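Tertiary structure, described
Chain by chain, the residues:
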Amino acid sequence: MIQHPADEPYEELEALLRDEFAEVHPPATVTRCVQAAHHGAIEVTGQAHPALVERIARKHLRVLATAAAERG
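Let me begin by describing the structure that accompanies this report. (Residues numbered from 1 in each chain as written. Predicted model: local features only at pLDDT ≥ 70, side-chain atom pairs only at ≥ 80, totals over all residues. Heavy atoms only, no water.)

A few words on the overall build of the protein chain. Assigned secondary structure in the protein chain consists of three helices and zero strands. When contacts within the protein chain are restricted to residue pairs at least 6 apart in sequence, those whose partners lie at least 24 apart make up 53%. For the protein chain, the exposed area adds up to about 4900 Å²; of that, 55% sits on carbon and sulfur atoms. (Helix = DSSP H or I, 4+ residues; strand = E, 2+ residues; numbered from the N terminus. Contact = heavy atoms within 4.5 Å. Areas by Shrake-Rupley, 256 points an atom, 1.4 Å probe, with all protein chains shown as cover.)

With 19 residues, helix H2 (residues 27-45) should reach 27 Å at 1.5 Å per residue; the first-to-last C-alpha distance of 27 Å fits that figure. The set of residues buried in H2 consists of Thr-29, Val-30, Cys-33, Val-34, Ala-37 and Ala-41. Angularly, the buried residues of H2 cover 135° about the axis, an arc narrow enough to put them on a single face. Residues of H2 that are buried make contact with helix H1 (11-20) and helix H3 (50-71). Where H2 terminates, the next one or two residues include Gly-46, which has phi positive at roughly 85°. (Expected span 1.5 Å × (residues − 1). Buried < 20%, exposed > 50% of the residue type's maximum accessible area, 1.4 Å probe, protein only. Arc of directions from axis to C-beta.)

Printed below as a string of structure tokens:
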């Protein structure tokens, strides 16, 4: 599990996902997916455990990559 400092809770996660999806998504897309995952987790579960945010963001990015591949 990734540890997050309180002032930048998802910086490491964003860096990891930016590297993982570098061939598919610009960094801004990764940031938006992490932010959306964070907010979604809070709305659904009342908390945003980093591992949950990571799983949700990764799924968002995979879906966007699939949609882009189908378009292009």
